[in-house]
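# Commentary on secondary and tertiary structure
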Protein chains: 2
Amino acid sequence: EIVERLEGFFVPRVLAGRKVVLTAGPTFEAIDPVRGITNISSGKMGYALARACAQAGAEVVLVSGPVSLPVPAGVRRVTAGSALGMREQVFAALPGADVFIGVAAVADYRPLEVAEHKIKKSGETLEIALTPNPDILAEVAARQDAPFCVGFAAESRDLDAYAEGKRRRKGLPMLVGNLVSDGMGGDENTVVLYDDAGRHPLPRAPKAELAHGIVSHLARLLDGCRPQA
Amino acid sequence: EIVERLEGFFVPRVLAGRKVVLTAGPTFEAIDPVRGITNISSGKMGYALARACAQAGAEVVLVSGPVSLPVPAGVRRVTAGSALGMREQVFAALPGADVFIGVAAVADYRPLEVAEHKIKKSGETLEIALTPNPDILAEVAARQDAPFCVGFAAESRDLDAYAEGKRRRKGLPMLVGNLVSDGMGGDENTVVLYDDAGRHPLPRAPKAELAHGIVSHLARLLDGCRPQA
């Protein structure tokens, strides 16, 4: 933590006076008291971004799914399990926020019914019915008093089409796209930033370093400056 | 690691000359390149037991599902993702084993089909068809040359009935039962040991401490002595 705080001295305070709310990690959608549906998100990118935002001078609230990463210095973390729980925590943290960054890989679907007791194994095939979860980021972005919203898209192919499509559909000023195979779960990543001015690829780098690149791009957009292409 | 090795000096070497194969953690059954079904197992009990077995003098192979715990001193860890992958690693590690302990919360079911690309969200309800996974522990216990097999049962109710039923059905000399609400995912647990002589509750304790109690019971059974009731 001392190293983190020292490092922070050398980061430009481009988010000073701003409040940032982020989500990170996977969600866990219970099937029964033991089993559930989740995804391979490690939370590392979201935690790295929370840390970078704090180092850039922001007040940071990190709404985190179930991961076992340490809380970055200067960040207030609240934890959530399911997408519905995460949605609740986000809306509780939102008042006064200037920026919302949806990094979490929120489950798109949850089981329609949660079994009260552990489902016992049988030799039979089992069917699970899933129902769509609310889209937290789209909901935040659609508010009258919406903060500056940044989305994330992890795709297994056709990154540009899916990522830019997602950005426009949700009405986001900025979106960070990456290929699942490039970074999900790992320590490094290759990302492309999408905004109204086009696409801006960042060089492959450790997530901590990418986080500073994303924050600096975000701060320029937030200040109303044209980003450097 | 130095502390672990020092601690090891004070543990009776009741498994000296024995080879122990254990499984630990959850498995992850892919739905698509990002999503999957898993469970709330943290791997802590399995890792604690692997450590206790090594401290008791055993050669230990730990077949671990996806968790981010450090490898205990003196333990060889191999990693697995799905139940099918874990089964393969267990059978590769089994030759020469005196003891097999199935601590992992192996998924009972896996998706019948794994989507090659990320399933896109739609507004519709989704059905996932699941098919039963092989029962690794029952398969190991049913072998002609089966090692001494220890099972684990995490139940949400009726512990005695489910646990002892599981022990008899799979033909296990020993099974460790616990209630999900008591310990799964956490650092402490309350367990009951089941064997041919009956049920033996252990006092609630940190998992590291429980592990030594389980090893000592196991070693007595393995040596053909009647366990202290």
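It should be noted that the structure appears before, not after, this text.
Summarised in this report is the structure supplied together with it. None of these values were measured; they are calculated from a predicted model.

## Topic: the overall build of chain A
- Helices and strands together make up the secondary structure of chain A, namely 7 helices and 14 strands.
- Over its C-alpha atoms chain A spans a radius of gyration of 18 Å, differing by no more than 12% from the 17 Å that the globule rule assigns to 229 residues.
- Along the first, second and third principal axes, the C-alpha atoms of chain A reach 60 × 40 × 35 Å.
- Burial status across chain A gives 52% buried among its 229 residues.
- A total accessible area of about 10,100 Å² is found for chain A, and carbon and sulfur atoms account for 52% of it.
- For chain A, the separation between the mean place of its 26 positive charges and that of its 27 negative charges on side chains is 2 Å.

## Quick notes on the interface of chain B and chain A
- On the chain A side, the residues contacting the 37 residues of chain B number 37 residues.
- At the boundary of chain B with chain A, total buried surface from both sides reaches about 3,400 Å², with 55% on carbon and sulfur atoms.
- When the area that chain B buries against chain A is broken down by residue, the three leading residues are Val34(B), Tyr109(B) and Lys121(B), summing to 18%.
- Joining chain B to chain A, the criterion identifies 4 salt bridges.
- With a shortest N-O distance of 2.7 Å, Lys120(A) and Glu155(B) are connected by a salt bridge.

## Things to note about the relation of the copies chain B and chain A
- With an RMSD of 0.1 Å, chain B superimposes on chain A once it is rotated by 179° and translated 0.0 Å along the axis. In the structure described here, the two chain copies are related by an operation that fits a two-fold rotation axis. No C-alpha of chain B lies nearer the rotation axis than that of Ile37(B), which sits 2.2 Å from it.
- With an isologous cut-off of 70% or more, the 100% of interface residues of chain B that recur at the interface of chain A puts this contact in the isologous class.

## Focus on the packing of helix H2 (residues 44-55) of chain B against helix H7 (residues 207-222) of chain B
All names here are of chain B.
- One way to put it is that H2 packs onto H7 with a least axis distance of 8 Å and a crossing angle of 55°. The orientation of H2 with respect to H7, classified from their angle, is oblique. Crossing angle aside, the handedness with which H2 passes H7 is right-handed. For the pair formed by H2 and H7, the contact residues are Lys 44, Met 45, Ala 48, Leu 49, Arg 51, Ala 52, Cys 53 and Gln 55 on the first element and Lys 207, Ala 208, Leu 210, Ala 211, His 212, Ile 214 and Val 215 on the second.
- A class-by-class count of the residues in the contact of H2 with H7 yields 10 nonpolar, 2 polar and 3 charged.

## Digging into unusual backbone geometry
- Although it is not a glycine, Asp158(A) adopts a positive phi angle of roughly 50°.
- As for its placement among the helices and strands, Asp158(A) is situated in the loop between strand E9 (148-155) and helix H5 (159-170).

## Overview of the sheet that holds strand E2 (residues 29-30) of chain A
- Taken in spatial order, the 4 strands line up as E2(A)-E3(A)-E3(B)-E2(B) in an open sheet, and their pairing is antiparallel. With partners counted over all chains shown, the strands left at the sheet margins are E2 of chain A together with strand E2 (29-30) of chain B, one partner each.
- Where strand E3 (residues 35-39) of chain A lies against strand E3 (residues 35-39) of chain B, 5 bridges are found, and the strand directions are antiparallel. Within the sheet, the bridge partner assigned to Ile37(A) lies in E3(B) and is Ile37(B).

## Side note on the environment of Ser42(A)
All names here are of chain A.
- Structurally, the position occupied by Ser 42 is in the loop between E3 and helix H2 (44-55).
- For Ser 42, a relative accessible area of 17% corresponds to the buried category.
- For Ser 42 and Val 140, which are 98 residues apart along the polypeptide, the C-alpha to C-alpha distance reads 23 Å.
- Once you skip the residues sitting within four places of it in the chain, Ser 42 turns out to touch Val 67, Leu 69, Gly 185, Gly 186 and Lys 207.
- Engagement of the side chain of Ser 42 in a polar contact is seen with the backbone nitrogen of Lys 44, the distance being 3.2 Å.

Criteria and thresholds
- Residues numbered from 1 in each chain as written.
- Chains lettered and ligands numbered in written order.
- Predicted model: local features only at pLDDT ≥ 70, side-chain atom pairs only at ≥ 80, totals over all residues.
- Heavy atoms only, no water.
- Helix = DSSP H or I, 4+ residues; strand = E, 2+ residues; numbered from the N terminus.
- Rg over C-alpha atoms; globule rule 2.2 N^0.38 Å.
- Buried < 20%, exposed > 50% of the residue type's maximum accessible area, 1.4 Å probe, protein only.
- Areas by Shrake-Rupley, 256 points an atom, 1.4 Å probe, with all protein chains shown as cover.
- Lys, Arg positive; Asp, Glu negative; His and termini not counted.
- Charge placed at Lys NZ, Arg CZ, Asp CG, Glu CD.
- Contact = heavy atoms within 4.5 Å.
- Buried area = accessible area lost by both parts, 1.4 Å probe.
- Salt bridge = Lys/Arg side-chain N within 4 Å of Asp/Glu carboxyl O.
- Least-squares fit on C-alpha atoms with pLDDT ≥ 70 in both.
- Axes fitted to C-alpha atoms, helices over the stretch in contact; angles between N-to-C directions.
- Parallel < 35°, antiparallel > 145°, perpendicular 65-115°, else oblique.
- Left-handed = near helix turned anticlockwise from the far one by under 90°.
- Nonpolar A, V, L, I, M, F, W, Y, C, P; charged D, E, K, R; others polar.
- Pairing = 2+ DSSP bridges.
- Polar contact = N/O pair within 3.5 Å; in protein donor to acceptor, adjacent residues only side chain to side chain.

Worth remembering: the numbers are spatial, not functional.
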